[in-house]
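Observations on the model geometry
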Amino acid sequence: MQNNSILSVKDLNQMVKELLCDAIGQIWLIGEISNFSRPSSGHWYFSLKDDSAQVRCAMFRNSNFRAGFIPQNGQQVLVRATVTLYEARGEYQLVIDKIQAAGTGLLQQKFEQLKQKLSEEGLFDSTNKQPLPENIRIVGIITSSTGAALHDICQILKRRDPSLHLIIYPTQVQGNEAAGQIANMIHIANIRQECDILIVGRGGGSLEDLWSFNEEVVARAIFASQIPIVSAVGHEIDFTIADFVADVRAATPSAAAELVSRDSLQQVKRLQVQQQHLSMAMDYYLMQCREKLNKWRHQLQTQHPQTKLEKQLNQLLAYRHSLSENIQQYLLRLSNRHNSLDKRLLRVSPQNNITYLGQLTWQKQQQLINLIKQKLIKSQHQFVLQTSQLNNVSPLATLERGYSVTTDQNNTVVRRSEQVTVGDIIVTKLKKGKLVSQITKINE
């Protein structure tokens, strides 16, 4: 600043205010309240002092309504404030935005510091959290063996899912040794690996009562656990460091019990729905099987060897009848021709020609008869050969060799013992005759 610069008082106070704000900024301060004043504006004005000094403070209405209590003269408090200057009087002061009773305030400050430290290390990151198992059978509970929280958890688990097994890891949940015991029980549960999930918690209380779950040793034990952990500390409005590190936070111990258990009524309903779906699927599958069976049965009937034999035999008879008619027509034509020749001979009446033609005719007739006989023999031979081939694949040939065919009352061939039951009537077809029997015993 140049020597010839002249400042006003207002300019000076503004400069000092900026220096204070920039150089010191926001701080935490502990002290005793004195000269507390609460005018109609809703703002609070007071001083904070210790044995040798004091400082003026202001806490404006938009901040003090969150305090939760009205400070009293002589009360020790912990405040978070910004160092600034009241320009109108040239007095430096603290503008407070948070105030707590001193004991609780120190713990809260410690809580915030640890929370920030662990957050920066990644202990709260969602990527490090384990999902809860889908099929929980054994639940581990780390809490006081005499506390109400254990009783509530056990009652809810027994009511919702009696099939769950419980393992209690008793520990102190309050006091100087509680944090170490809680961390040790988490470590023991991970060594034993005898449960699917852990519930770590206790019932409600003050910040001091819940402080064991704000200790760093507990937070790191929860983070290192290979078993998923549900934190269930205090009431719904209570938050601890354990809640932030745990894989899942439950508002209360009772809520944790409901979270890890399955409602037996819902399980029954779900099983009933699954049973209905399975029954519908089985009915659909059986319907498809019946359709395929009917299709195969129809194909078997149309492609059965007996059916083919009958069809071929009918064709053979038709060929034989057609051949016989052709031969008869041919012989008739020959006879007509012979008669025609006889008439011509009678008209011409040359005896030699008649004799010659008679002999020739007789020869032709014999040749024709021989040809017809040969053709008939050949046709009969083919008929016998085809009949023999068909007979080899016929079920009747199987009966000839001593086998039999058994059918049930619906004339369905019995191939497996599962097709009949005791008391059913069955028919056994032999080479000659049939046997009608009643089943008295079935050997699988």
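Scroll up to find the structure.
This text gives an overview of the structure that appears in the document. Every chain's residues receive numbers from 1 upward, in the order its sequence appears when written. Predicted model: local features are reported for residues with pLDDT of at least 70 only, side-chain atom pairs are reported and counted for 80 or more only, and whole-chain, interface and lining totals are derived from all residues. Excluded from the side-chain calculations are hydrogens and water; all other atoms, namely the structure's heavy atoms, are used.

Focus: the environment of S379
Segments assigned H or I by DSSP are reported as helices when at least four residues long, segments assigned E as strands when at least two residues long, and all are numbered from the N terminus. By the element assignment, S379 lies in helix α11 (residues 351–392). Working definition: with a 1.4 Å probe on protein chains only, accessible area under 20% of the residue-type maximum means buried, over 50% means exposed, and in between means partly exposed. Classification of S379 as partly exposed rests on a relative accessible area of 28%. Residues S379 and L132 lie 247 residues apart in sequence; the distance between their C-alpha atoms is 86 Å.

A closer look at the pattern of salt bridges
Close approach of charged atoms allows side chains with opposite charge to pair. Each reported salt bridge corresponds to a side-chain nitrogen of Lys or Arg within 4 Å of a carboxyl oxygen of Asp or Glu. What the rule picks out here adds up to 7 salt bridges. Between K117 and E216 there is a salt bridge whose closest N-O contact spans 3.2 Å. With K117 in helix α3 (residues 102–121) and E216 in helix α6 (residues 216–224), this pair connects stretches of sequence that are 99 residues apart. Residue class for E216 comes out partly exposed when judged on its relative accessible area of 26%. Its salt-bridge partner being R192, residue E194 comes within 3.4 Å of it at the nearest N-O pair. In this structure E194 comes out as partly exposed when scored by relative accessible area, which is 28%. Linked through salt bridges whose partners overlap, the residues forming this network are K117, E121, E216 and R220.

Some thoughts on the sheet that holds strand β7 (residues 165–170)
Note on pairing: DSSP must find at least two bridges between two strands before they are called paired. Pairing in this open sheet of 5 strands is parallel, and the strands run β7-β6-β8-β9-β10 from one edge to the other. Among the strands making up the open sheet, the edge pair consists of β7 and β10 (248–249). Here strand β8 (residues 197–202) pairs with strand β9 (residues 229–233) via 5 bridges, running parallel. Within the sheet, the bridge partner assigned to R202 lies in β9 and is V233.

Some points on unusual backbone geometry
One non-glycine residue, N35, lies in the positive phi region at around 55°. Locating N35 in the fold gives a position in strand β1 (residues 26–37). In this model, N411 sits at a positive phi of 65°, which is unusual for a non-glycine residue. Inspection of the secondary structure assignment puts N411 in the loop between β11 (405–407) and β12 (425–429).

Side note on the pairing of β8
By the criterion of burial, β8 is predominantly enclosed, with 6 of the 6 residues buried. In β8, alternate side chains face the same way, and those of I197, I199 and G201 on one face and L198, V200 and R202 on the other are all buried. For strand β6 (residues 138–143) and β8, the ladder comprises 4 bridges, and the chain directions are parallel. Within β8, the residue paired with G140 across the bridge is L198.

Focus: the nonpolar core
Side-chain atoms within 4.5 Å link the members of a nonpolar core, which is a set of buried Ala, Val, Leu, Ile, Met, Phe, Trp, Tyr and Cys residues. Formed by 32 residues in total, the largest nonpolar core has its most connected members in I142, I186, L198 and I222. Broken down by secondary-structure element, the contributors of at least two residues to this core are α3, α5 (178–192), β8, α6, β9 and α7 (241–245). It is α5 that provides the largest number of residues to this core, a total of 6 residues. By definition in these notes, contact holds between two residues if any of their heavy atoms fall within 4.5 Å. Among all residues touching I142, those that are not within four sequence positions of it are Y169, T171, I182, M185, I186, L198, I199, V200 and G201.

Remarks on the side chain of T143
Along the chain, the position of T143 falls in strand β6. Of the polar contacts made by the side chain of T143, one reaches the backbone oxygen of G201; its length is 2.7 Å. Apart from residues lying up to four places away in sequence, T143 is in contact with A149, L150, Y169, P170, T171, V173, G201 and R202. Definition of a polar contact: a pair of N or O atoms within 3.5 Å, with one able to donate and the other able to accept a hydrogen when the atoms are protein atoms, and with sequence-neighbouring residues admitted only if both atoms are side-chain atoms.

Some words on the pairing of strand β3 (residues 54–59)
As paired elements, strand β2 (residues 44–49) and β3 share 6 bridges and run antiparallel to each other. Within β3, the residue paired with S47 across the bridge is R56. The pairing of β3 with strand β5 (residues 91–101) spans 2 bridges and is parallel. Counted as the bridge partner of C57 is L94 from β5.

Overview of the sheet that holds β3
Pairing is mixed around the closed barrel formed by 5 strands, whose spatial order is β1-β2-β3-β5-β4. Averaged over all adjacent pairs, the angle separating strand axes in this sheet is 55°, with direction ignored. With respect to the sheet, helix α1 (residues 9–23) is in contact with β4 (76–86) and β5, its orientation differing from that of β4 by roughly 140°. Helix axes use the C-alpha atoms of the stretch in contact, all axes being lines fitted to C-alpha atoms, and the angles between their N-to-C directions lie in the range 0 to 180 degrees.

A short note on a nonpolar patch on the surface
Candidate patch residues must exceed 30% relative accessible area and have no salt bridge, after which like charges are joined if within 9 Å and Val, Leu, Ile, Met, Phe, Trp or Tyr side chains if within 5 Å. Here, Shrake-Rupley sampling with a 1.4 Å probe gives the accessible areas, and only protein chains in the shown set may cover a residue. Taken together, L7, L12, M15 and V16 make up a surface patch of nonpolar side chains, about 290 Å² in accessible area. When you line up the elements, L7 lands in the segment before α1.

A closer look at the packing of helix α4 (residues 148–160) against helix α8 (residues 253–260)
It is the contact of α4 with α8, at a shortest axis distance of 8 Å, that shows an interaxial angle of 30°. For the element pair α4 / α8, the angle class is roughly parallel. The interaxial crossing formed by α4 with α8 has right-handed handedness. Note on element contacts: α8 touches α4 through P253, S254, A257, E258 and V260, opposite A149, D152, I153, I156, L157, R159 and R160. Considering only residue class, the contact of α4 with α8 consists of 7 nonpolar, 1 polar and 4 charged. Geometric relationships in this document are graded by angle, where less than 35 degrees denotes roughly parallel, more than 145 denotes roughly antiparallel, 65 to 115 denotes roughly perpendicular, and other angles denote oblique. Crossings are assigned a handedness: left-handed for a near helix turned anticlockwise from the far helix by less than a right angle, right-handed for a clockwise turn. Any residue outside Ala, Val, Leu, Ile, Met, Phe, Trp, Tyr, Cys, Pro, Asp, Glu, Lys and Arg is labelled polar, Gly included; the first ten of those are nonpolar and the last four are charged.

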